[in-house]
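One letter stands for each residue in the lines below.
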Amino acid sequence: MSGRPARILLLLAILAVVGSLSLGVGSARLSPARIAAALVGEGSDADIVWDLRLPRIILAALVGLALGAAGAAYQGLFRNPLADPYVIGASTGSALGATLVMILAGDAGAMGFGAVSLGAFLGAMGAAGLVYVTAAWWGPAPIVTLLLAGTAVSSCLGAVVWLLMVLHDQELARIVLWMMGSLAGRSWSAVIGGTPYIALGFATLCALARPLDALSLGEQPARALGLPLRRMSGMVVAAASLATAAAVAVAGVIGFVGLIAPHVARAFVGARHRYLIPASGLCGAILLVLADDLARTVAAPTELPVGVLTAILGGPFFLVVLRRAVR
Amino acid sequence: MTPRLRAEGLACGYGRGLPDVLTGIDLDVPAGTVVALLGPNGSGKTTLLRTLARLLTPRAGTVRLEGEDVWKRGRAWAHRRIAIALQDDPGGARLTIEEVVRLGRAAHRGWWLPMTADDEAVVDRALELARLTPMRRRSVDALSAGEWQRVTLARSLAQEPRVLLLDEPTAHLDWNYQIEILDLVDRLAHDEGLAVVVSLHDLNQASTWADRVALLAEGSLLAHGEPEAVLTPETLARAYRCPVLVDRHPISGAPMVLPPPRRRSLRADDDPA
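Residues numbered from 1 in each chain as written. Chains lettered and ligands numbered in written order. Predicted model: local features only at pLDDT ≥ 70, side-chain atom pairs only at ≥ 80, totals over all residues.

Student: When you look at the overall build of chain A in this model, what are you seeing that I'm missing?
Tutor: The secondary structure content of chain A amounts to 14 helices and 0 strands. For chain A, the succession of helices and strands along the chain, N to C, is α-α-α-α-α-α-α-α-α-α-α-α-α-α. Since a compact globule built from 327 residues should have a radius of gyration of about 20 Å, the 19 Å found for chain A is in line with a globular shape. In chain A, 78% of the contacts between residues at least 6 apart in sequence involve partners at least 24 apart. (Helix = DSSP H or I, 4+ residues; strand = E, 2+ residues; numbered from the N terminus. Rg over C-alpha atoms; globule rule 2.2 N^0.38 Å. Contact = placed C-beta atoms within 7 Å.)

Student: Just checking my understanding: could you explain the domain arrangement of chain B for this structure?
Tutor: All names here are of chain B. Here the domain parsing of chain B yields domain 1 (1–81 + 161–242) and domain 2 (88–159). For domain 1 and domain 2, the distance between their C-alpha centroids amounts to 24 Å. In this assembly, 11 residues from domain 1 lie in contact with 9 residues from domain 2. Considering every element that reaches the side of domain 1 that touches domain 2, the biggest residue donor is helix H7 (residues 175–190), with 3 residues. When its residues are assigned to classes, the side of domain 1 that touches domain 2 shows 7 nonpolar, 2 polar and 2 charged. (Domains from an automatic or database assignment. Nonpolar A, V, L, I, M, F, W, Y, C, P; charged D, E, K, R; others polar.)

Student: Even after reading the chapter, I still don't get the pairing of strand E12 (residues 255–258) of chain B, so can you show me in this structure?
Tutor: On a regular strand, one side chain projects to one face of the sheet and the next to the other, so that they alternate. Residues and elements named next belong to chain B. Across 4 bridges, strand E11 (residues 245–248) lies against E12 in antiparallel orientation. In the strand pairing of E12, Asp247 is matched with Met256. Between E11 and E12, which follow one another and run antiparallel, lie 6 residues, and Gly253 among them has a positive phi close to 80°. (Pairing = 2+ DSSP bridges.)

Student: Mind showing me how you'd approach the interface of chain B and chain A here?
Tutor: The extent of an interface is frequently quoted as the accessible surface area lost upon association of the parts. Taken together, the 22 residues of chain B in the interface contact 22 residues of chain A. Contributions of two or more residues to the side of chain B that touches chain A are made by helix H2 (75–79), helix H3 (97–102) and helix H4 (106–109) of chain B. By residue number, the principal contributor to the side of chain B that touches chain A is H2(B), which donates 3 residues. Broken down by class, the residue content of the side of chain B that touches chain A amounts to 13 nonpolar, 5 polar and 4 charged.

Student: I'm lost on the packing of helix H9 (residues 209–217) of chain A against helix H13 (residues 273–297) of chain A in this one. Help?
Tutor: Angle between the axes and distance between the axes: these two values describe a pair of packed helices. All names here are of chain A. Closest axis-to-axis distance for the H9/H13 pair is 8 Å, and the angle between their directions is 105°. The angle between the axes of H9 and H13 places the two elements in the roughly perpendicular class. Counting all contacts with H9, which are made through Ala209, Leu212 and Asp213, the residues of H13 involved are His273, Arg274 and Ile277. Of the residues in the contact of H9 with H13, the class split is 3 nonpolar, 1 polar and 2 charged. (Axes fitted to C-alpha atoms, helices over the stretch in contact; angles between N-to-C directions. Parallel < 35°, antiparallel > 145°, perpendicular 65-115°, else oblique.)

Student: Explanation requested: the sheet that holds strand E3 (residues 34–38) of chain B in the structure shown.
Tutor: Residues and elements named next belong to chain B. Read across the open sheet, the 6 strands follow the order E6-E7-E8-E3-E9-E10; overall the sheet is mixed. The open sheet has two edge strands with one neighbour each: strand E6 (82–85) and strand E10 (220–225). Each neighbouring strand pair of the sheet contributes to a mean axis angle of 15°, computed without reference to strand direction. Direction of pairing for strand E9 (residues 212–217) relative to E10: antiparallel, over a ladder of 5 bridges. When the sheet's bridge partners are listed, Ala217 is paired in E10 with Ser220. Against the sheet, helix H1 (residues 45–52) touches E3, E6, strand E7 (163–167), strand E8 (195–199) and E9, its axis set at about 155° to E8. Relative to E6, helix H6 (residues 145–158) is tilted by about 170°, and along the sheet it contacts E6 and E7.

Student: Which parts of the structure should I look at to understand the sheet that holds strand E5 (residues 68–69) of chain B?
Tutor: The pairing of strands in a sheet comes from backbone hydrogen bonds and takes either a parallel or an antiparallel form. Residue and element names in this part refer to chain B. The 4 strands lie next to each other as E2-E1-E4-E5, forming an open sheet whose pairing is antiparallel. Each edge of the open sheet is held by one strand with a lone partner, namely strand E2 (22–29) and E5. When strand E4 (residues 60–65) meets E5, the two strands line up antiparallel, connected through 2 bridges. Note that in E5 the partner of Leu65 across the bridge is Glu68. Together, strand E1 (5–12), E2 and E4 form the strand contacts of H1, whose direction differs from that of E1 by roughly 120°.

Here is the structure:
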């Protein structure tokens, strides 16, 4: 038992190391010594490290944390190893909600971070709730059925986003970049804006660990244990959607981190959500920081959108898990 | 004395506009007794168990636990006293056996508070009763159907219920495990004083292990009483719509239900060739 908290601390240490080393990665490579100097405000790299790389890496970790924890929660709630914010349509729902706010508000900058986030949250709740209600209405559906429902909702909402883009082509470039998911050029304001929502979503999911354990047994057993099913599953959907929406609001749609992270975390700490939720968050953070390092360097000097990269890497992983799940 | 669990004029069903599955069910389950619920497929055994467990709202009538209406008392109140083990599968849950059994404590501890040493002791005892202690750290993913049945039973026991409802706990089990489960049910009722309702397919298991038998058919309780009174050829033929023979157990004298002989074997005796 004492092993699992220790393993979570180990993941935290790995995240700290990966994050620190990532400060040196980018168009200008910095040695650990120069990073250390820059962090204490000495040398010519202080601006790069403090204003560009540090907020971006912290944001990558926060977004990864949110997506990893949300993925673990969705996988428990849907009893499906392939659920994740992207697969079940919550991410696309967020994108639609946020896009709608941007377009309706005209100048999104004037409306500020709050309105876009709220739109993203409502979009994620709507999509995840729709898929959950559909799945619950169908009864215990095979794993693939939920995925198809998620795909249907996701394609539908995605198509509406594309439609909005065509109708409002002055916003086209911004929305496209956002649908692909990217951390490029994010500053401290994004970190400060996103942190409260991600923290709230993550903390709520951690608190919902025991209900999630019960839900992962299935609806009937959970109710037989006295779980107020609707209230608890509603809270899970809300908390996971809040985390997803906050991630989408600051970084756009980044797929598959929420799918992969819980699988890695389960190998570390097992399936009990008390350990799985924090461990999945940390694994998601490590994954996304690493993926963003790749995005910055793999085609340098051009930056790739990190969402494109995670999709390229995550697609094959999805197929492997699918093969094992429907075997 | 008030029975531990009492159903009065219960009508149950699913979905608006659909007909009742069961009507007019009156059933008493005293403490320290095993009541076997029998009936053909689709006769409403699981529906009745779910209604007794406060998982399905009755369309009419009440369920009383020690005189109190379980629907008037809250959900939490009921689930601290009534445990139900339905037939299900571990599905995607990758929890370990002990993690699943610990969830039974949520009925008492709630969904937020940490478990106490008392809770752990109850979990240990439940695992021991279901003979799962040596394998408690194993993942429920890799269990046989019989092992999973025992996990579900242990999880119900961790709820420290006063009423235990079991839905076909011997299904998919080998003979030895069936007997082991039924012996455990017997101990829980007669040594620990639980009121147990158990649905069974096997009429002879009901005759051997149950103090009372309730036979569901045609949407109501067709017969209810001691095995000798209910397990008669006439009643069973009416419930199952097929002929049966009833003999006696050579040692206990309990009624034993046998299928009628095959037509072919009768003909072979008659035919001199």
